[in-house]
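Structure at a glance
So you can see what is in the structure, the chains are spelled out below.
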Amino acid sequence: MPYKMLDKYPKKFRGTGIITPMWASLRRTFLSTIHRSMTIMYPYEKEWVPDNYRGRPGLIFDRCLGCGICVRACPTTCIELVEVADDDGNMVKRPQVNVGRCMMCGYCAEYCPVNAMTTTTDYELAEFSRKDLIYDPRRLAFEGTNEMMEVHLEEHLLSNLAKGVTDQPTAFYKTDRPVLEEKKCISCMKCSKVCPVEAIEMVVVGKNDKGRDIKHPKIDGEKCVSCENCVIACPKSALKIEEVL
Amino acid sequence: MGLSILDWIVFKNPMANEYYPFGDMYNLPYEIGYKLSEIILGFVAWFLNLFVHDNLWSQWLVSDVVMNVLAIILLVVVIFGVGFIVNLTMIWEERKILGRLMDRRGTQIGPLGYFQCLGDGLKTFMKENIAPKAIDKKIYWWGLALVIGTSVLLACMVPLSGRWFIADYKVGLLILFGMFALAPFLILCAGWAQNNKFSLIGGMRAAELMISYEVPMLIILATSCLLAGAYGINDLVQFQNDHLWFVIPEIIGFFTFFVCAIAESERVPFDLSEAEAELVEGWQTEYAGMKWGLIMLADYFRGYVACAFIVLLFLGGWAMPFAGTDTWYAEIWFLFKVCAVFAAFVWARGAFPRVRTDQIINIGWRVLMPLSILNLVVVVAIKLMGWM
Amino acid sequence: MVEERMNTDKMWITMGPQHPFSHGLWTLRVHADGEIITDAEPEIGYLHRGWEKECENRTYAKIIPMADRLCYSASMTWSHVFCKVAEEALDIEVPERAQYLRVIADEICRIQSHLMWLAAVGTDLGNLTVFLWALREREFFLDLNIRLCGQRLTTNYPRIGGVRNDMPYYFERDCMRCVERFETVGLPEIMKLATDSSPFVGRMQGIKYLTAKDVANWGVTGPAMRGCGVDYDVRRDDPYDAYGEIDFEVPVLNKNNPKGGDAYDRFLVRLEEMYQSCEIIRQAFQKLQSIPKEAPSRVKVPRCIPAGTHMAKIEDPRGESIMYLVSDGTEKPWRLKVRSPIFVNVSSSKHMVDGVRIADVPAIMAMIDMCLGETDR
């Protein structure tokens, strides 16, 4: 590959001095007078942004599981789970975003197992107080959310690639599951209480010395979204996420 | 004198006034001022006369002396007002043309963005008026006042036509030029007084600029006067109208003077004394708030005078081809020419970067100086051959 | 008597931290004898955010958007170099499609970063037209960034083991249109005001010759070094990702010139780099044709990185950027060291401005293309 312009401009100056810049600027003056100039008159007209634009996070309320993956994925810890009433009046956990802290990285949308968190095209976020910058779950809903705003996580397993399988994209919430180290389990049932998708069922595996049931969690791999709530809740660190690679 | 108001406001011929200051020359702004003062004073005198019939105060108010004094004050106001509006128009013109040149829109407030500079002026006016502690107070304030004052005075002294002037000197061009050349000296003083290294260097650069550009400029000015055979502005314009606009015989001088005029009014390719890339704001660094705003306004007044110089010396002043110098639109035609020359200033601003100090001295002494002398030789040859 | 009263010392002029020539917050104290500079002293640290320390409290995935914030106009390359060091540590081969996508994203980033630099050169030399025209051209590339990854500047596009998403529909068409417009219309128009204009060139030509030996000794990298005759580019000499399969020329000037290069040479090298980047984008798209659209662009990586020390380097728009990772086997790095090209380049500014005029300081420092985010970290 040869140089494209460096050969034309060697050490010796080859320009035409002052004529070329004068002509070029005059030409642009006439062009921008005849046509419209490049600038957009911002408050009156807005630039079109594609649907995959990463503005503030949005939430599709009914899809959300309240699993908290977005909370843990957020680099600036601007998301927290709050209790709100859903359409039937039941109290459920949903994410609330402090947009004043959000860095619009889109991780919450990317890691959401059910694509409830989305990116939106909303970028005009100025408010008069910091309190107004906190978007509760209902306010997070964005009008005109479409499927282009969802971010689909498509990862390929290295083991699959080694086998030559290249058409089975997966994601961590489809493959990674918690596993139990049975010796440590004390049958406290905390894991089954925190599970957002009710994938944990406590199964009786025997009786202890005092005659009480020993219950161990049994994890339903179909339902589980790998949210790690059980892992965090476990007081004896008996549960651990097993990564499939 | 009767009770009717028309007895008091009679619209006399101003030139018939005993104290008419312009001799046998007709002066339009004076007439405007005279008419206005007749209305004002006549009304007051009539009003007093309603209470006390034939009182001395009313008689005194409409006498020639009082009428003349108020007319002169109003003459100054009218001339300054027109200069100020022209100045605002030029700021608007610059921002609009630069906007188009840079592929953006320029000013937005008001019709076609005309009121933007009023808004900017208001904003600058609201800024805090800060003066540093360790300044040389006397020179700091006097330098500022004189820079602004001389620039405004200069702009008022430029005649717009044969009937629109503040004083008609036989050596008008020389006086204008003398005032014009005063600014760099004041900038040097103001830069020194601010006790700031940036403004000090800016002031020094202004002096540097003055040395390298004043001389070719003065030579070309003298050449034009030589060609016309007079120093008076009226004579110069009349001569160009009778013969030929000087831009044709003095084409070298025209371009040389153009470059010098940009440098003299400290506009962008040559605005070394306020080079914002290296010297923050140059000699204006410590002038905060409205002081800075007025300096910017004064800069544009000087730009206006530089353009007026070019129009008067080379482009025939207010002379319209085939219509002569005594047209009813002479002032408008002159200001139109000034704005057209200013558009070329703006164009140069958009196309070129700022030059360096050593380059500016090189250009001044090695290029512009020989060119101005060449121009003088050409003019002398024309005069000797008797072509003009 | 006069000598006693008049203090004729040289003076220290503090240019910065709020000074029009310093892009960002830094100070250059120059010792000036009238207009000639005899000594200089750069001072940085106004923008220190504790970036490296913050990374020690974040998981590896969370560091990628933070790496974007190192430099506002080279965000793609900074997150790229972080992903590379993590992949180095995990010993993972990135899928081929992701490699080409990263190359395309990097070169878009390089062009827009160089256009930002060209704009800054325009203001430094006092011509606002170059500034606005360059920013106008830059908008097209920022729009490409929006299409590809959803944001203009903080792209957050590379991931450990691939890229965030595959290209959207019609991205290739848009990108090629933009590149062709840039090569034939956009950049030549700006060059008419820059390289064809004798006042513009006159501000840079003959200003501060730096020899290849000096530049190499000071550790200066990037276009500033290549303009002075050192023939080194990480993309060609230590190819990463798909750069090994792409045929491009590294612009080098004054290779065998003992005098070295002046500011104008360093200026020209960057302009030529933009043309070469266009060529790289074109070739990368041609190579992408042979890879099916369904091919993987991201692999799943473990959360924890095995203990050890690892290093990765890539060619930033401003020079050679290196990240050095010490991992203790957990999901957070134990230490992450950033070698920023500008930090090294700016430390040589003392020698670069020695003996020039004050008016030349913006012209010389503009050729470094300062970015304080990565310098102070």
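Residues numbered from 1 in each chain as written. Chains lettered and ligands numbered in written order. Predicted model: local features only at pLDDT ≥ 70, side-chain atom pairs only at ≥ 80, totals over all residues.

Observations regarding the interface of chain A and chain C
Facing the 39 residues of chain A at the interface are 39 residues of chain C. Mapped onto the side of chain A that touches chain C, the elements with two or more residues apiece are helix H1 (19–34) and helix H5 (158–163) of chain A. The greatest single-element share of the side of chain A that touches chain C, amounting to four residues, is contributed by H1(A). Residues of the side of chain A that touches chain C, tallied by class, amount to 23 nonpolar, 10 polar and six charged. (Contact = placed C-beta atoms within 7 Å. Helix = DSSP H or I, 4+ residues; strand = E, 2+ residues; numbered from the N terminus. Nonpolar A, V, L, I, M, F, W, Y, C, P; charged D, E, K, R; others polar.)

Points about the sheet that holds strand S6 (residues 308–316) of chain C
Residues and elements named next belong to chain C. Read from one edge to the other, the open sheet built from three strands follows the order S6-S7-S8, with strand pairing classed as antiparallel. Of all strands in the sheet, those with a lone pairing partner are S6 and strand S8 (333–339), marking the two edges. The average angle at which neighbouring strand axes cross in this sheet is 15°, direction not considered. With nine bridges joining them, S6 and strand S7 (residues 319–327) adopt antiparallel strand pairing. (Pairing = 2+ DSSP bridges. Axes fitted to C-alpha atoms, helices over the stretch in contact; angles between N-to-C directions.)

Some thoughts on the pairing of strand S2 (residues 27–33) of chain C
Note on strand geometry: in a regular strand, side chains alternate between the two faces of the sheet. Residues and elements named next belong to chain C. Only one face of S2 is buried: it carries Leu28, Val30 and Ala32, and the other face, with Thr27, Arg29, His31 and Asp33, is open. When strand S1 (residues 11–15) meets S2, the two strands line up antiparallel, connected through five bridges. Bridging across to S2, Met15 finds its partner in Leu28. With seven bridges connecting them, S2 and strand S3 (residues 36–43) associate as antiparallel partners. Each residue of the ladder has a partner; that of Asp33, found in S3, is Ile36. (Buried ≥ 20, exposed ≤ 12 C-beta atoms within 10 Å, placed from the backbone.)

Side note on the sheet that holds strand S5 (residues 134–135) of chain A
Residues and elements named next belong to chain A. Strand order in the open sheet made by the three strands is S2-S3-S5, with antiparallel pairing throughout. The open sheet has two free edges, formed respectively by strand S2 (79–85) and S5, since each of these has just one partner strand. Note that strand S3 (residues 91–98) and S5 share two bridges and pair antiparallel. Looking at the pairing, Val97 lines up with Tyr135 of S5.

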